[in-house]
Amino acid sequence: MDKHKLLQEAQKQLSDNWTGEYTVAAPGLYPHHWGWDTPINALAYSYFNLDRAMQEMQHQLDAQWDNGFIPHIIFAPGETSYFPGPDFYQSKRSPDAPDHVETSGITQPPTQALGLYYIKRNSGARDVDNWVEPAYEQILHYHEHLMDVRDPEDSGALTIFHPWECMDDLPVWDEAIVAMNLEDKDIPDYERKDLAHIDDPIERPPDIFYDCYVYLIDQMRKKNYNFREIYEDHPFKFKDVAFTSIFYAANRYLKVVGETLSRDTSQIEDWQTLIRGNFEDNFKTDPNSQLYFSYDLINQHRVQKDTVVSLLPLFGKVIEQEQADYLIEKMRRFFMYNQEETLPMVPTTSDQTDEFAHQTYWRGPVWAMTTWFVYRGLVYYGEYHLADRIKHGFLELVDQSGFWEYYSPKTGEGHGIHDFAWTATIVIDMIEGSRY
Ligand code: DGY
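Residues numbered from 1 in each chain as written. Predicted model: local features only at pLDDT ≥ 70, side-chain atom pairs only at ≥ 80, totals over all residues. Heavy atoms only, no water.

**Student:** What should I look at first to understand the overall build of the protein chain in this one?
**Tutor:** A count of helical and extended segments in the protein chain gives 16 helices and eleven strands. For a compact globule of 436 residues, the expected C-alpha radius of gyration is about 22 Å, and the protein chain comes in at 20 Å, within 12% of that figure. Along the first, second and third principal axes, the C-alpha set of the protein chain runs to 55 × 50 × 45 Å. Out of the 436 residues belonging to the protein chain, those deemed buried represent 63%. Working note: accessible area of the protein chain is about 16100 Å², and carbon and sulfur atoms make up 44% of it. For the protein chain, the distance from the average site of its 37 positive side-chain charges to the average site of its 71 negative ones is 3 Å. (Helix = DSSP H or I, 4+ residues; strand = E, 2+ residues; numbered from the N terminus. Rg over C-alpha atoms; globule rule 2.2 N^0.38 Å. Buried < 20%, exposed > 50% of the residue type's maximum accessible area, 1.4 Å probe, protein only. Areas by Shrake-Rupley, 256 points an atom, 1.4 Å probe, with all protein chains shown as cover. Lys, Arg positive; Asp, Glu negative; His and termini not counted. Charge placed at Lys NZ, Arg CZ, Asp CG, Glu CD.)

**Student:** What is the right way to look at the sheet that holds strand S6 (residues 301–302) in this model?
**Tutor:** The strands making up a sheet are joined through hydrogen bonds of the backbone, oriented either antiparallel or parallel. A sheet is described by the order of its strands in space; here four strands give the open sequence S3-S4-S5-S6, paired in antiparallel fashion. With partners counted over all chains shown, the strands left at the sheet margins are strand S3 (159–160) and S6, one partner each. (Pairing = 2+ DSSP bridges.)

**Student:** Looking at this structure, how should I read the sheet that holds strand S10 (residues 404–407)?
**Tutor:** Strands sit in the order S9-S10-S11 across an open sheet of three strands; the sheet is antiparallel. Each end of this open sheet is capped by a strand with a single partner; those strands are strand S9 (366–367) and strand S11 (414–418).

**Student:** It is not clear to me how the packing of aromatic side chains should be interpreted in this structure. Could you clarify?
**Tutor:** For any pair of aromatic rings, the description consists of the separation of the ring centres together with the inter-plane angle of the planes. For the structure on display, the rule yields 38 aromatic pairs. Look at Phe 315 and Phe 373: their rings are 4.6 Å apart centre to centre, the planes differ by 55°, and that puts the pair in the tilted class. A residue pair is termed long-range when its members are at least 10 positions apart, and Phe 315 in helix H12 (residues 312–316) and Phe 373 in helix H14 (residues 368–380) qualify at 58 residues. The class for Phe 315 is buried, based on a relative accessible area of 1%. A relative accessible area of 1% means that Phe 373 is categorised as buried. When the ring of Tyr 361 is compared with that of Tyr 406, the centres are 5.9 Å apart and the planes differ by 70°; the resulting orientation is edge-to-face. Placement of Tyr 361 in the loop between strand S8 (344–345) and S9 and of Tyr 406 in strand S10 is noted, with a sequence separation of 45 residues between them. In this structure, Tyr 361 and Tyr 406 share a single accessibility class: buried. (Phe/Tyr/Trp six-rings, centres within 6.5 Å; stacked < 30°, edge-to-face > 60°.)

**Student:** Quick question: what am I supposed to make of the environment of Thr 411 here?
**Tutor:** With respect to the element layout, Thr 411 can be found in the loop between S10 and S11. Note: C-alpha distance between Thr 411 and Gln 339 (72 residues apart in sequence) is 7.3 Å. When neighbours within four sequence positions are excluded, Thr 411 is seen to be in contact with Gln 339 and His 358. At a separation of 3.0 Å, a polar atom in the side chain of Thr 411 contacts the main-chain amide nitrogen of Glu 413. (Contact = heavy atoms within 4.5 Å. Polar contact = N/O pair within 3.5 Å; in protein donor to acceptor, adjacent residues only side chain to side chain.)

**Student:** Looking at this structure, how should I read the nonpolar core?
**Tutor:** The tendency in soluble globular proteins is for nonpolar side chains to be buried side by side. Ranked by size, the top nonpolar core spans 151 residues in total, and within it Leu 116, Trp 372 and Phe 394 carry the most contacts. If one sorts the elements of this core by residue count, helix H10 (residues 241–260) sits on top with eleven residues. Discounting chain neighbours no more than four positions away, the residues touching Phe 394 are Val 366, Trp 367, Ala 368, Thr 371, Tyr 407, Thr 423, Ile 426, Val 427 and Met 430. (Core = buried A, V, L, I, M, F, W, Y, C linked by side-chain atoms within 4.5 Å.)

**Student:** Explanation requested: H14 in the structure shown.
**Tutor:** The α-helix winds at 3.6 residues per turn, so residues separated by three or four positions along the chain end up facing the same way. Between its first and last C-alpha atoms H14 spans 18 Å; for 13 residues at 1.5 Å apiece the expected length is 18 Å, and the two agree. For H14, the buried fraction is high: 13 of the 13 residues fall into the buried class. Of the residues trailing H14, Gly 382 is marked for its positive phi of about 80°. (Expected span 1.5 Å × (residues − 1).)

**Student:** It is not clear to me how the site of the ligand should be interpreted in this structure. Could you clarify?
**Tutor:** Around the ligand, the neighbouring residues are Tyr 30, Trp 34, His 72, Tyr 82, Trp 164, Asp 168, Arg 204 and Tyr 361. At 2.5 Å from an oxygen atom of the ligand is found a side-chain nitrogen or oxygen belonging to Asp 168. If the ligand stood free it would expose 230 Å²; the protein chains cover 95% of that surface. Split by residue class, the shell around the ligand holds five nonpolar, one polar and two charged. (Near = heavy atom within 4 Å. Nonpolar A, V, L, I, M, F, W, Y, C, P; charged D, E, K, R; others polar.)

**Student:** Sorry if this is basic, but what is going on with the packing of helix H3 (residues 50–61) against helix H5 (residues 112–121) here?
**Tutor:** Packed helices, taken two at a time, are described by the angle their axes make and the gap between the axes. Packing of H3 against H5 brings their axes to within 10 Å, and their N-to-C directions diverge by 155°. What the angle tells us is that H3 and H5 run roughly antiparallel. The element H3 and its partner H5 pack so that their crossing is left-handed. Taken together, the residues of H5 that come into contact with H3 (itself represented by Leu 50, Ala 53, Met 54, Met 57 and Gln 60) are Gln 112, Gly 115, Leu 116 and Ile 119. (Axes fitted to C-alpha atoms, helices over the stretch in contact; angles between N-to-C directions. Parallel < 35°, antiparallel > 145°, perpendicular 65-115°, else oblique. Left-handed = near helix turned anticlockwise from the far one by under 90°.)

**Student:** Just to check I follow, could you spell out unusual backbone geometry for this structure?
**Tutor:** The general pattern is negative phi for most residues beyond glycine and trans for most peptide bonds. Here the residue pair Phe 83 and Pro 84 is connected by a cis peptide bond, since its omega of 0° sits within 30 degrees of zero. Residue position: Pro 84 is located in the loop between strand S2 (73–74) and helix H4 (86–89). Notably, Lys 317 is not glycine yet its phi reads approximately 55°, a positive angle. Within the secondary structure, Lys 317 sits in the loop between H12 and helix H13 (321–331). Classification of Lys 317 by relative accessible area gives partly exposed; the value is 38%. Even without glycine at this site, Asp 419 takes up a positive phi of about 60°. Looking at the element boundaries, Asp 419 is found in the loop between S11 and helix H16 (421–432).

**Student:** How do you make sense of the side chain of Arg 363 when you look at a structure like this?
**Tutor:** Within the element layout of this structure, Arg 363 appears in the loop between S8 and S9. Dropping the residues within four chain positions of it, Arg 363 is found in contact with Asp 169, Leu 170, Pro 171, Asp 174, Phe 209, Thr 348, Thr 349, Glu 355, Phe 356 and Ala 357.

**Student:** Would you take a moment to explain the pattern of salt bridges for this structure?
**Tutor:** A side chain with one charge may pair with a side chain of the opposite charge, provided their charged atoms come close. Under the defined criterion, the tally for this structure stands at 28 salt bridges. For Lys 222, the salt bridge is made with Asp 218, and the minimal N-O distance between the two is 3.2 Å. One end of the pair, Lys 222, and the other, Asp 218, are both in helix H8 (residues 207–222), four residues apart, so they sit about a helical turn from each other. On the basis of relative accessibility, which here comes to 55%, the residue Lys 222 falls in the exposed class. Of the residues examined, Asp 218 reaches a relative accessible area of 8% and is grouped as buried. Salt-bridge contacts for Asp 429 lead to Arg 376; the nearest nitrogen and oxygen are separated by 2.9 Å. One end of the pair, Asp 429, is in helix H16; the other, Arg 376, is in helix H14, with 53 residues separating them in the sequence. The exposure class assigned to Arg 376 is buried, which follows from its relative accessible area of 4%. The network of salt bridges with shared partners includes Arg 192, Asp 194, Arg 204 and Asp 207. (Salt bridge = Lys/Arg side-chain N within 4 Å of Asp/Glu carboxyl O.)

Next up, the structure:
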């Protein structure tokens, strides 16, 4: 593998998706500016184009709602090839939504502080504090909002209201979706557009899941995106291990930036103490189980399915070294190997589960960012050798197949959509980034 060439191709991919203001997630299937991708794109840009890194983040921060909420999509004006678009979300029903732009009304895991940290860190001799200071305040406001409306019980675990707020068709949500028992009259009229952009419908969630996705948005818009009210009786609520772990990681980075700006970071420290102190109780079914599982608040149980979200506490660096060692040991049962049987890959859903499907979205395929979360998590806990092998396994996949949305861990082939910005982003950080 020629890493230099791969790096150049990844930079070119991001530039091809750059509109002049922001990076399109993938032309066709995802033609807008997407939530948790954006700050990691900015992280990647910070290695080679600092101005673009700041623009990428700023375009998202400009769409922040007055209450601190950051939406998962900022819609490109006039772009109609994606459903659900602004007409469906109707997010302006909320008095907090911005006037100048159309956005969705759900969020995604809060990666913003990572983008912020890397822009500051990679700015070298250039003084970027004029940009960093207000961005820091906005991200802090978003974190306050999340603690306020996504953890009103002060449990130390954040709640998601929609599968799209984490990983769309992860098997973890299956039972909760079935238990909703939706009837035709519950589901607003809609037409899917995603299937027109991909080769094989097996690569996307089935209609029964889509019915639930639109139903949940309908429930939220009926409450005018008043998140406090939504919390009271929303039919889908998970205390999510991935969302919470990423929030914890984000706070670690935000705190460092806050300190360099001489801010009082005690509020962030209080959140971290709360999250860390309750993490084992929140996400472990019994103290001896080594995997962490999300908790279904509606059906009141922890969903014990082996998926990549169980590994995200490593990325959060939220667990003790001893717990991490157990988790890393257990994690080996997740691995699948490349064609030469030499390099490990981390599927999104374990091939030991009944739900494993090697070409289907989050139900098996290897994704760039989940691989990156695990890779970084291993580095944080000092497992450098394993981290390197996972990194090489992933870079080989991209080198052989190109910048796909995800890859089959069985065949190595790319699936979903091509020209996927986030895959290029992760390649850039894996090649450029050193260890932290
Ligand atoms: C989609 O439309 O598939 C997205 O994952 C929602 O953000």
